[in-house]
Amino acid sequence: MQLTEIEYNEYLTEVTEALDSGGFLTVQNSGELNTMTIGWASLGIIWRVPMLLVLVRESRHTFKLIEKADEFTVSIPFSGLEEELEFCGSRSGRNYDKFAECDLEKLSGNEVHTPLIGGCDVHYECSLEYSQSMDKELVKSEVLEDCYPDWDMHTLYFGRILNCLREETG
Ligand SMILES: Cc1cc2nc3c(=O)[nH]c(=O)nc-3n(C[C@H](O)[C@H](O)[C@H](O)COP(=O)(O)O)c2cc1C
């Protein structure tokens, strides 16, 4: 297995397609490590630097952790790890050690302390630059009804991409 540094926007098409099945958002805080499946994210330039925007609902255990964190990682498999994505997208870190339950491999990145998840094709190492909880008063009613029927709003986390890595086996 080899980790190679790549540009943040290499594999953009593959990454956006793969997010349909999910990627892993991993957060570490005060010795606690957790990962959850995400399907919504945005990659681009903000404040002149590459940025990865992720959305976390307030009900998630990840929310508690990321609120006190200053970094996170996102690891995206182009295929495979379906069962792990399903488990991490339906069970909470409040009740499960998902790394142990799914036997997730922890890989070290180059820029942040939070681990990456082995077996994924692309990894982003991010420093948390800014966050903002959504104001339900400002959301279009169609979106509110469709995505927030119980008002479990997202908080938006803007992670500056410090490093992007391609994982290759063999
Ligand atoms: C494919 C998929 C995509 C998901 N995307 C998101 C997302 O972008 N934001 C979010 O808050 N929850 C998302 N979820 C739900 C969380 O992964 C799920 O609630 C998880 O159990 C939260 O874990 P935690 O409580 O350990 O943080 C998604 C779930 C799946 C299966």
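The following refers to the structure shown. Bear in mind that the values here come from a model prediction, so they are computed numbers and not experimental data.

1. Quick look at the site of the ligand
Then comes step 1: Among the 21 residues in the neighbourhood of the ligand, the closest are listed as T37, L55, T62, S92 and G93.
Then comes step 2: With respect to the ligand, the backbone of R57 contributes an N or O atom lying 2.9 Å from an oxygen atom.
Then comes step 3: T62 is positioned with one of its side-chain polar atoms (N or O) 2.6 Å from an oxygen atom of the ligand.
Then comes step 4: When the ligand is considered free in solution it has 650 Å² of accessible area, and contact with the protein chains removes 81% of it.
Then comes step 5: For the ligand, the cavity whose grid points lie within 2 Å of the majority of its atoms is the largest pocket.
Then comes step 6: Among the elements of the structure, β3 (32–38), β5 (49–57) and α2 (61–66) are those that each provide at least two residues to the shell around the ligand.
Then comes step 7: The greatest single-element share of the shell around the ligand, amounting to four residues, is contributed by β3.

2. What about unusual backbone geometry?
Then comes step 1: Positive phi, normally seen in glycine, also occurs at L81, with a value near 55°.
Then comes step 2: Within the element layout of this structure, L81 appears in the loop between β6 (71–76) and α3 (82–88).
Then comes step 3: The residue W151 is not glycine, and still its phi comes out positive at about 60°.
Then comes step 4: Structurally, the position occupied by W151 is in the loop between α5 (141–147) and β10 (154–168).
Then comes step 5: Overall, the relative accessible area of 53% leaves W151 in the exposed class.

3. Some points on the packing of aromatic side chains
Then comes step 1: All chains considered together, the criterion is met by five aromatic pairs.
Then comes step 2: Ring-pair connections join several aromatic residues into one group, and the members of that group are W47, Y130 and F158.
Then comes step 3: A cation over an aromatic ring shows up here: R91 above the ring of Y96, its NZ or CZ 6.0 Å from the ring centre.
Then comes step 4: Cation over ring: R166 sits above Y11, and NZ or CZ is 4.5 Å from the ring centre.

4. Some remarks on the pattern of salt bridges
Then comes step 1: Under the criterion given, the structure shown has one salt bridge.
Then comes step 2: One salt bridge in this structure joins D121 and R166, with 3.4 Å as the shortest N-O distance. With a gap of 45 residues between them, D121 in the loop between β8 (116–117) and β9 (122–133) and R166 in strand β10 connect regions that are remote in the sequence.
Then comes step 3: Judged by its relative accessible area of 18%, D121 is buried.
Then comes step 4: Taking relative accessible area as the criterion, R166 reaches 14% and is therefore assigned buried.

5. Concerning the environment of F158
Then comes step 1: You can see F158 is positioned in strand β10.
Then comes step 2: What makes F158 buried here is its relative accessible area of 12%.
Then comes step 3: For the pair F158 and I46, spaced 112 residues apart in sequence, the C-alpha to C-alpha distance is 9.0 Å.
Then comes step 4: In contact with F158, other than residues within four places in its own chain, are I46, W47, M51, L52, L53, S127, L128, E129 and Y130.

Cut-offs and rules
- Residues numbered from 1 in each chain as written.
- Predicted model: local features only at pLDDT ≥ 70, side-chain atom pairs only at ≥ 80, totals over all residues.
- Heavy atoms only, no water.
- Near = heavy atom within 4 Å.
- Polar contact = N/O pair within 3.5 Å; in protein donor to acceptor, adjacent residues only side chain to side chain.
- Areas by Shrake-Rupley, 256 points an atom, 1.4 Å probe, with all protein chains shown as cover.
- 1 Å grid on protein atoms, 1.4 Å probe; cavity = no way out; pocket = protein on both sides within 12 Å on 5 of 7 lines; lining within 4 Å.
- Sits in = over half its atoms within 2 Å of the grid points.
- Helix = DSSP H or I, 4+ residues; strand = E, 2+ residues; numbered from the N terminus.
- Buried < 20%, exposed > 50% of the residue type's maximum accessible area, 1.4 Å probe, protein only.
- Phe/Tyr/Trp six-rings, centres within 6.5 Å; stacked < 30°, edge-to-face > 60°.
- Lys NZ or Arg CZ within 6 Å of the ring centre and 35° of its normal.
- Salt bridge = Lys/Arg side-chain N within 4 Å of Asp/Glu carboxyl O.
- Contact = heavy atoms within 4.5 Å.

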